[in-house]
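Observations on the model geometry
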Amino acid sequence: MNGAVMSEQESLKSSSARNRGGVQRVEGKLRASVERGDYYEAHQMYRTLFFRYMSQSKHAEARELMYNGALLFFSYNQQNSAADLSMLVLESLEKSGAKVDDETLEHLAKLFSLMDPNSPERVAFVSRAIKWSSGGSGKLGHPKLHQLLALTLWKEQNYSESRYHFLHSSDGEGCAQMLVEYSSARGFHGEVDMFVAQAVLQFLCLKNKTSALVVFTTYTQKHPSIEKGPPFVQPLLNFLWFLLLAVDGGKLTVFTVLCEQYQPSLKRDPMYNEYLDRIGQLFFGVPPKQSSSYGGLLGKKHPYHCVTTDHES
């Protein structure tokens, strides 16, 4: 019995090796074509092979070929061909029901990082990648993918988009470090507290207490314009510190008094009270308001108010 199992395993291995050898030979020919500058011809050949492999259920081979092909086209600055093959990588993932794993997420983030930041293809790619990474759970994408996307956008100094993805990752520390840079590069001195306030409140709206605390602690420790605390010079930072303590305690009276005491600071941004209404519902048992406009106001479109708790992809 063992011998039969072993021979079956060896047969699978040799079949896999043969497939790999076939892919390598094909890749060699395609690479030569790209190196000669025959971009169109090579692109069409990649597409033909993709559909052939997919029809034979060779999903992994199809995906590997498209990923390497996209990297090759990117290295020759053939953005359109590279973006097209990147979309085929996603198609193979969607159609094969492939499991979400770190390596695949890193590959998708790599393709994203090489795409022209202003191209419509990049927007389409990231939308589909996030949807696939949620694994059909209806959530807003895998936290690891969001983290990798946030890091790329941070490098590109696209801070508001980076912020959105950090909020949907579990990387409170990375988010804080990006916000320190964002505030220093683009914000007014008097707004240093507002950059972190928004992130803390939005993390809490997403029921992510841990990241809310980490982003607050890291930001207040690392920002060059914030004196060590608590207590802090800025009342808004003191409010956030007390709020994070209150969220752990869950006492409604503490929450209510806190919001009343700090109203002058909370009026600096009309969104703060919207966020706090939601936080009251999530952590302190406050019933939802009949006319709450929360869902509409927290869409991704506005660069500052880009978070939602509606788990729709």
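Rules of the game
- Residues numbered from 1 in each chain as written.
- Predicted model: local features only at pLDDT ≥ 70, side-chain atom pairs only at ≥ 80, totals over all residues.
- Heavy atoms only, no water.
- Helix = DSSP H or I, 4+ residues; strand = E, 2+ residues; numbered from the N terminus.
- Buried < 20%, exposed > 50% of the residue type's maximum accessible area, 1.4 Å probe, protein only.
- Areas by Shrake-Rupley, 256 points an atom, 1.4 Å probe, with all protein chains shown as cover.
- Phe/Tyr/Trp six-rings, centres within 6.5 Å; stacked < 30°, edge-to-face > 60°.
- Lys NZ or Arg CZ within 6 Å of the ring centre and 35° of its normal.
- Contact = heavy atoms within 4.5 Å.
- Axes fitted to C-alpha atoms, helices over the stretch in contact; angles between N-to-C directions.
- Parallel < 35°, antiparallel > 145°, perpendicular 65-115°, else oblique.
- Left-handed = near helix turned anticlockwise from the far one by under 90°.
- Nonpolar A, V, L, I, M, F, W, Y, C, P; charged D, E, K, R; others polar.
- Patch = residues over 30% accessible without salt bridge, like charges linked within 9 Å, V, L, I, M, F, W, Y side chains within 5 Å.
- Salt bridge = Lys/Arg side-chain N within 4 Å of Asp/Glu carboxyl O.
- Lys, Arg positive; Asp, Glu negative; His and termini not counted.
- Charge placed at Lys NZ, Arg CZ, Asp CG, Glu CD.
- Polar contact = N/O pair within 3.5 Å; in protein donor to acceptor, adjacent residues only side chain to side chain.
- pLDDT = per-residue confidence, 0-100.

**Quick look at the overall build of the protein chain**
Within the protein chain, the regular secondary structure consists of 16 helices and zero strands. Counting over 313 residues, the protein chain shows a buried share of 45%. Accessible surface computed for the protein chain: about 16,100 Å², of which carbon and sulfur atoms make up 53%.

**Section: the packing of aromatic side chains**
Here the structure, examined in full by the defined rule, presents eleven aromatic pairs. Between Y39 and Y76 the ring centres are 6.3 Å apart and the planes differ by 55°, which places this aromatic pair in the tilted class. Of the two residues, Y39 is situated in helix α2 (residues 39-55) and Y76 in the loop between α3 (59-75) and α4 (79-96); the sequence distance between them amounts to 37 residues. Between F239 and Y262, the aromatic rings sit 5.6 Å apart at their centres with planes inclined by 55°, giving tilted as the arrangement. Taken as a pair, F239 in helix α12 (residues 235-249) and Y262 in the loop between α13 (252-261) and α14 (263-266) lie far apart in primary sequence, 23 residues in all. Grouping residues by exposure puts F239 and Y262 together as buried. Members of the aromatic cluster, joined through ring pairs, are F239, W241, F242 and Y262. Taking NZ or CZ as reference, R122 lies 3.8 Å from the ring centre of F112, over its face.

**Points about unusual backbone geometry**
Residue P230 follows G229 across a cis peptide bond; omega there is 0°. Secondary-structure assignment places P230 in the loop between α11 (209-222) and α12. Here the residue pair P230 and P231 is connected by a cis peptide bond, since its omega of -5° sits within 30 degrees of zero. Position of P231 relative to the elements: it lies in the loop between α11 and α12. Positioned with a positive phi, N77 is a non-glycine residue whose angle comes to about 60°. Structurally, the position occupied by N77 is in the loop between α3 and α4. Assessed through its relative accessible area of 58%, N77 is described here as exposed.

**Remarks on the side chain of T152**
Relative to the helices and strands, T152 is located in helix α7 (residues 143-155). Ignoring sequence-local partners within four residues, the contact set of T152 consists of F112, S113 and R122.

**Topic: the packing of helix α10 (residues 192-205) against α12**
Their axes nearest at 10 Å, the elements α10 and α12 cross at an angle of 20°. In terms of their interaxial angle, α10 and α12 are classed as roughly parallel. The handedness of the crossing between α10 and α12 is left-handed. Residue-level inspection shows D193, M194, V196, A197, V200, L201 and L204 of α10 in contact with α12, the latter providing L236, L237, L240, L243, L244 and V247. Counted by class, the contact of α10 with α12 contains twelve nonpolar, no polar and one charged residues.

**Remarks on a negative patch on the surface**
Together, D101, D102, E103 and E106 give the surface a local cluster of negative charge. Here E103 is to be found in helix α5 (residues 102-114).

**Some points on the side chain of S133**
With respect to the helices and strands, S133 occurs in helix α6 (residues 120-133). Here the side chain of S133 touches H142 through a polar contact of 2.9 Å, landing on its backbone nitrogen. Dropping the residues within four chain positions of it, S133 is found in contact with V100, L105, G141, H142 and L145.

**Some words on the confidence of the model for the protein chain**
Per-residue pLDDT for the protein chain averages 89, and the proportion of residues at 70 or more is 84%. Note that pLDDT drops below 50 for residues 294-313; the model gives that stretch 56 contacts with residues more than four away or on any other chain.

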